[in-house]
Each structure stands twice: as structure tokens, then as C-alpha cells.
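Spelled out from the first residue to the last, the chains are:
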Amino acid sequence: MKIVIASRGTSFSLLAMFAILLTVGMFVQPGNAQGTLLKAEPFDQVSVSERTGVNTHKIKPLFFPEGRPPQSPNPRDSIKVELLDVPGKEYEVQWRVIREYQQFEDLFLEEANTLLQQKQFDLVYQYIERLRRDYPDHKGIQPLWENFLVQNAFERFQAGSPSEALGILEEAKRINQSRPNIDRSISNVAQALVGEYVEKEDYAAARTIIDRYKATNREAAFPFIAHWENQLNDMASKLRDQSQEAIDAGNERTAYRFAQQMIEVSPTLPGGPEFYNDVIRRYPIVYVAATAGGPMDASPDSLTWAAARDSRLLNRTLCEIVGYGAEGGEYTSPIGTVVRSADGQSIALQLRPRQTSLTGYDLSRQFMAAANQQNRVSTTGFPRLIDTMAVEGVRRLSVQLRVPHVRPEALLRIIPQNGNHSPDQPQPNGPYDLVEGGEEEEPHFLIRDDYALIGPQQPREIIYREVEFTRQGLDAMRSGEIHVIDRLYPATAQRLLTETRDDLVVEAYRTPTIHVLVPNYENPFLKKRSFRRALAYGINRSAILNGRLLGDQEMEGSRLISAPIPAGINADDPIAYGYDTSLAPRPYEPQMTVALRRLTEVEMEKAAEENETEVPELGTVILGHPDSEVSREACTAIVQYLERVGIDCELKVVDSEITSPTEAEVDLLYVELLLTEPLVDVPRLFERYLPDEHLSQYFKLALRELGQSRTWQEARERFWTFHRLAHDELPIIPLYQIQDYFAYSRTLAGVGYRPMNLYQQIERWDLAPAVGGLARND
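As the structure is a computational prediction, the values presented were derived from the model and not from experiment.

1. Some remarks on the confidence of the model for the protein
Right, so step 1: Taken residue by residue, the protein gives an average pLDDT of 87. The fraction at 70 or more is 92%.
Right, so step 2: Long-range and interchain partners of residues 374-379, a stretch whose pLDDT sits below 50, account for 13 contacts in this model, where long-range means more than four residues apart.
Right, so step 3: Segment residues 772-778 is flagged for pLDDT under 50; beyond a separation of four residues in sequence, or across chains, it makes 16 contacts in the model.

2. A word on the sheet that holds strand β9 (residues 336-340)
Right, so step 1: The sheet built from four strands is open, its strands ordered β9-β10-β12-β11 with antiparallel pairing. This sheet does not close on itself; its edge strands, each paired only once, are β9 and β11 (386-392). Strand-to-strand twist across the sheet, computed as the mean angle between neighbouring axes with direction ignored, equals 15 degrees.
Right, so step 2: Relative to strand β10 (residues 346-351), β9 runs antiparallel, the two sharing five bridges. Across the sheet, the residue bridging to R340 is I347, located in β10.
Right, so step 3: Seen against the sheet, helix α12 (residues 360-372) touches β10, β11 and β12 (396-401) and runs at an angle of roughly 160 degrees to β11.

3. Some thoughts on the environment of I447
Right, so step 1: Relative to the assigned elements, I447 resides in strand β14 (residues 444-447).
Right, so step 2: Put simply, I447 and R718 are 271 residues apart on the chain and 44 Å apart in space, counted from C-alpha to C-alpha.
Right, so step 3: Non-local contacts of I447, meaning those with residues more than four positions away in its chain, are made with P431, Y432, I454, Q458, P459 and R460.

4. Regarding the environment of L358
Right, so step 1: By the element assignment, L358 lies in the loop between β10 and α12.
Right, so step 2: For the pair L358 and E612, spaced 254 residues apart in sequence, the C-alpha separation works out to 63 Å.

5. Details of helix α18 (residues 629-644)
Right, so step 1: An ideal rise of 1.5 Å per residue puts 22 Å on 16 residues; α18 measures up with 24 Å between its terminal C-alpha atoms.
Right, so step 2: When we look at burial in α18, the residues that qualify are E629, V630, S631, R632, A634, C635, A637, I638, V639, Y641 and L642.
Right, so step 3: Phi turns positive one or two residues past the end of α18, at G646, with a value near 85 degrees.

6. Examining the packing of aromatic side chains
Right, so step 1: Taken as a whole and judged by the stated rule, the model has 24 aromatic pairs.
Right, so step 2: Taking 5.7 Å as the distance between ring centres and 80 degrees as the angle between the ring planes, the aromatic pair formed by Y213 and F224 counts as edge-to-face. Here the residue Y213 occupies a position in helix α7 (residues 203-214), and F224 occupies one in helix α8 (residues 224-248), the gap between them amounting to eleven residues. For the pair Y213 and F224, a shared accessibility class is recorded, and that class is buried.
Right, so step 3: Within the aromatic cluster, the residues linked to one another by ring pairs are Y577, F686, F699, W712, F719 and F722.
Right, so step 4: The cationic tip of K58 hangs over the ring face of F43; the distance from NZ or CZ to the ring centre is 4.9 Å.
Right, so step 5: The residue whose ring lies beneath R487 is W305, and the NZ or CZ to ring-centre distance is 4.5 Å.

7. Here's the deal with unusual backbone geometry
Working note: non-glycine residues mostly have negative phi, and peptide bonds are mostly trans.
Right, so step 1: One non-glycine residue, E612, adopts positive backbone phi at about 55 degrees.
Right, so step 2: With a phi angle near 45 degrees, R754 is a residue other than glycine that sits in the positive phi range.
Right, so step 3: Among the structural elements, R754 can be located in the loop between β25 (748-749) and β26 (766-767).
Right, so step 4: When its relative accessible area of 23% is taken as the criterion, R754 is described as partly exposed.

8. Comments concerning helix α9 (residues 252-265)
Right, so step 1: Look at α9: 20 Å from first C-alpha to last across 14 residues, which is about the 20 Å you get at 1.5 Å a residue.
Right, so step 2: Those residues of α9 lying buried are A255, Y256, A259, Q260, M262, I263 and V265.
Right, so step 3: Here the buried face of α9 lies against α7, α8, α10 (272-282) and β6 (285-290).

9. A closer look at the environment of Y203
Right, so step 1: Following the sequence through the fold, Y203 ends up in helix α7.
Right, so step 2: A relative accessible area of 12% means that Y203 is categorised as buried.
Right, so step 3: For the pair Y203 and D627, spaced 424 residues apart in the sequence, the C-alpha separation amounts to 31 Å.
Right, so step 4: With residues near it in sequence (within four places) discarded, Y203 still touches V198, L232, M235, E264 and V265.

10. Let's talk about the pattern of salt bridges
Right, so step 1: In total, this model carries 45 salt bridges according to the counting rule given.
Right, so step 2: When the shortest N-O distance is used, the salt bridge between E461 and R253 registers 2.1 Å. One end of the pair, E461, is in strand β15 (residues 461-466); the other, R253, is in helix α9, and 208 residues separate them in sequence.
Right, so step 3: For E461, a relative accessible area of 0% gives the class buried.

The rules behind the values
Residues numbered from 1 in each chain as written. Predicted model: local features only at pLDDT ≥ 70, side-chain atom pairs only at ≥ 80, totals over all residues. Heavy atoms only, no water. pLDDT = per-residue confidence, 0-100. Contact = heavy atoms within 4.5 Å. Pairing = 2+ DSSP bridges. Helix = DSSP H or I, 4+ residues; strand = E, 2+ residues; numbered from the N terminus. Axes fitted to C-alpha atoms, helices over the stretch in contact; angles between N-to-C directions. Expected span 1.5 Å × (residues − 1). Buried < 20%, exposed > 50% of the residue type's maximum accessible area, 1.4 Å probe, protein only. Phe/Tyr/Trp six-rings, centres within 6.5 Å; stacked < 30°, edge-to-face > 60°. Lys NZ or Arg CZ within 6 Å of the ring centre and 35° of its normal. Salt bridge = Lys/Arg side-chain N within 4 Å of Asp/Glu carboxyl O.

As C-alpha cells, this is what we get:
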């Protein structure tokens, strides 16, 4: 049989041509493979017997009907080949002189295997990729890939990366379940990896590895499972014994710590879940993932979101807002009842002896002392309204007001005090004390045993775990490390609301937060209304809120605002009584920013010329913000927008309770406000954050008139006038309001529906264990 590969060519003897090539050294020279074929054009290689011996030559690839050279060709048959070094000519060679014929893919695979032996893994991977692309049906690809994975895994294991090695071995097993010794290799690496996690006390990760292979129901194939389960059970048993010893000694807090460690080490310890459940009932501790900063000694006078979160734990005020009715807030008193007369001219406080030891005399002295303190007199202070007081039956105090007030309960958010006290330094009376912690413990809230309103299963401690991002809190909640996330990033909250989840509950706060920029009036530019307007036009608030914070999702209650006044969750929300919807927020117009900045500079140049002083320079604007997830993201975007219009800007993290930009040494202060009763809180906002001398006479008059409203109709009309002034004068730059959400584990009951703040119903919280089948589903 004569094999004809090509019809064109010449009769010149191939053997003669080979002799010529030999003399000029153009044969394939042996040597170590170093990736020489990776980017080479395909060629075949033929070895022939010649007078000088067996020589190897590169030829252009030939086409064979079966795809491969014949296994037993007829020695008398010949093939026509074209040498790579002599292009354009074909030579005839008989099969009888051919000792070996290698196609390019075989040469390529051989070189890849050589590189694999040399542990050049990155290079070998590139070879595998080309083989898969150009020769996907080659039977040598899978063995090469398997060997590559196994050897690479061994190399990573030797380099001290058992987690990487385990992942690679699992891939090798996936492509060839019957590969010899693969299970033994996996078990050896897994045993080392679990040991590494145990040494780091990352027991959750160790259990994940054990449970994953245990679920295969082939424990005999992975002996590391039994080894580590025995080890962990021994460790957990010792912790249970230590916990029991602490219980016997009456130290329940220490007992909880040991029991918690026990369940972390081995949740399957025989009898362990039941023991843990009993300890939790004895001493429940709630862990909170804090995205808005750690625990603080917050005052009930503060208007920030973070303070509202924590002040409820430290202080109970005479009246507390619990929701909204048809007109304004609804209030209750934790220590008695408060009754307002129909005409709003008087108010009576009846104290309950079971809830407080206070008397009417204590409250009357407190009101009188506050009225005598000049620094306590303000447009929002209750003492300024008092005309006469009368104590009736020791525990009842009747107060006659000089002028009617539509919601005097809102002014009674003060901490009631026993006996002699300083109105500026009230003694905390809440359910918890803030413990600063030490070297071996973190700051936490510890329950006060003398608190009169302790609930039957109320948490004994509340411990914060500060997290930078919501996703970190969600990961910790899924692993059982925390029970509550204090505030969700808005876009994440929207995503979670669309999912059906059995492990957590997503709940909204009743009142949205108001986000504003407070200018530093010591900066001559920010003292100018034209420059404050320039800032308002230069910040794309819509893009920040809708794109950056909400992730291009709609969220009811989150919207731009034209003044620092709550706009409500929807059109029917009672809290929106002070917001004038006819005033639209300023749009994003960067060209107006440039023009208004130039106008400000012209005004300053003229003033400097008249006063013979130097012209102020703007310099770099420092933007201060609290260390919360929302403010970090928003302020990063604000800086970017301001720099686009030529205003250099830098960020600075400041304490969330700082009310003075001058004290914080910033030019703009980003504040997250919780204004639960606009009639009282909006005037308080300007009193706390802006000195009187920076407000116009009209503005100060509007603030005073808000506090003197006698009817709700009068309050609304005055609010709309005030809204117009706040929009035009821009003493504080409004940004947007956000409907905030929090999340909690289903193991925690009693949290409540749409609370005003996170701990509004802390006395009703009831933590059930999340192990042993006792987790709540309600």
C-alpha cells in the first residue's frame, strides 16, 4: 500500500537532503524543555535512520485519515513531507527508515509533563489551557490535569497552605473518583487543616471541614473525622466541667463564658446542648453587631441616631415616645402616668410606687432647680412653661402651664432624680450600666440588679461587636456569633426584604434618620449663604442616596429633603406634620456651584478692599463624619462631587456626639439625626449645633414661635414658614432622609414591631438557645 500525503514535490532524495542538513546543524538538538513549545506554531517530528545514525527533523503537520499515524504501516510505502527549514519543497521518505513519528500535540504533552516534574506549575497550567483549546479530545489531557492538581496540592501543603491543598485535591477527586489514594491524601490534608483551625480557636471553621466530609457517609475513608471529633469532645467536656464549677460557686457570668466556649468547640457533645440551654436561661447575653460605632455613654438630650440607640439602655426619661397618633407623638411614662388637660394648659404626673421611689416633691424640686439654671433655659425646656406646681398625695404632681402647649409630654424627656442633684449631671436610672472593660474583656452593658422593671428573661449583658460593613454582621449572625445587627446598609436591607429567610428577621425603625451637613461658621466661606448654596448645588444627593446607598432600589421613606425636618415614611405619616412638600430639594447643578463660589469670592474681595484686610482663601475643606457604615460611604461620595467642581476636600472621622464643627476642627460636620418629635427636636437641633449669633433674627423668631404653638393648625403653619426660611437661608445643609432597618436572629423574641429605637422593649427581650432544637420560629 502506497500512502500519498501530497501530490506536488520533487524527486530529490530526502536522505540526501538530510545529509545536507546534518552538515549545517539544522537537526533538532536534545535539551531540557523550558516552555519552548508553548507559543510555537504546530509541527510534527520524524526520526529517521541515516548513515550518520538516527536523526530527528521538524516537518509541517501531516493529515492522516484516522487522525493519527498508522500503527503498522507498510515499510515500502512512503510519505511526502515538507521540512520547516526548507519551506515550499516536499520530500519523499519511506516508512522503513522512519523510527518514530510524533505529532505536535504529543510533543506538547511530553514537554508539559517534563515541566510538571520540574514543578513549574504556572507554566504547566498554560500548557493545559492550550491543549484544551487546540486539542480538546486528546486522551492525555485528563491524566496531565490530575497529576498537575495532585502535585500542586502536595506543593501547597509543603508550603504550609493546607486549605489551598485541600481545595485542589477535592478538584482532583471530582474529575476522577477512582484515583488511587486520593481519599487518604484528602484525609491527611484535612487533618492538618482542622488542627490549624483548632490552634487558632476557629472552631466554626474546623467543624465546617468535619461536617462536610461526615455528610458523605464515608467516615471510614476519612479517619481524620473520628480523630478530631474525639479531640474536640474532650476539650468541650473540660469546658462543661469548668462551667458547672462556676455555677456551683454562684458565678453565672463565668459559667456562661465556659458554656459558650463549650458549644463553640463541640455543639454535638452528648448532653452539651441541654447544658448550654440551661446556662443561657440562667444568664442570657445578647451580642450586637454595631455598624454605627461601639457602646457610648449617651445622653437622652442627644439627637443622633447612635445616641438614641444606647441612651435607652442607660436612662429612662419621665416621658418616652413609643409611636405616633393622628397628631404627633404618643408618649408613656415608665414610672407612672401622665395626663394632659384637654386645653393643653395643665399636666398631671401620677407616680407608681412599685416602679419608682420618687415622690411629687422630688419632681417639683427638680423642675425648680432646672428653671434656675440659665444654661437649661431654652425654647425647648419644660421648666420655662411652668406657672405653678402642686404636690397631691405625695406621689402626684400637678403642673399648671403659663401658656398651652400642644405636646408638653415631648418636653418631659428628662431623667427623673431623687433628692438633691445637679440638673446638668443627672444620675443614670436605666436598666444597664456601661462597663468600660479591661484587658481581658470588651466594653459592654451590664444589667443593674436594682432596676425596678427587669423583665423575667431580660438579657443580663449586651455586648457590641463593632463591624465595618453589614455583610460582616450577617456572616457573624449566620455562624451564631451575634444576635442583632443594629443598622443595615440600606441596599442590603432592601435585598434582604425580598428574600424569604428562616434564620433572621428584618425590621424597620419607626422614624427615618435625617442626614445633614452642619457648616463651621468660623470659616469665612461657609459663613456666606452663597457658598452654602454652592455646596448644596454641587453635591449630587440623588446619586448618593439612590445609587450609592440604596443600590438603585426603591425604599419607601428614603428621599431627598429640602430642610432638616422629617418628611415621613409616606404621605399619611403623622411625623411629617412639619414638612412642606411644596418646597422641592435643590437639584444637582454643578455649574451653579462654580458661579456661586465665584460670587462668594467677589463679595469677599470687595469686603477685604473696604476693610483693608487680606482676602480669605478657601483651602482644603475638611468634612467630618461619624464612623458609621452609611456616613463613610456617603461622605466618600460627597468628597468626590466637591472635587469635581474644584473644591479640595478631605475626610476626618469624628465622635458622633460632637455638636460643634469648630471643636471637631472640621469645616463641615456630617450628622445622622433622629428627630422623633419635630415640634421639639427641630428647635433643639439648631440650639445644639448652631450658636445664636449665626442665625438671622427672622430665623430665631421662627424657632421661638414653633415652641409657642397652641394648636396643631398653628404648629403646621409656623412649621411651613420655618421650612421656607431653612430652605432659603441654609443655616444647615439638608441632604436626605433614610428609612433604617435592623436585623435580629429568630432565637430572640420580644424585640417588637417597628420600634422607635433598638432597645425600646429591652425588658421583654427573651433569648432562646439556637442549639438543641430549641430555636424559636415565631
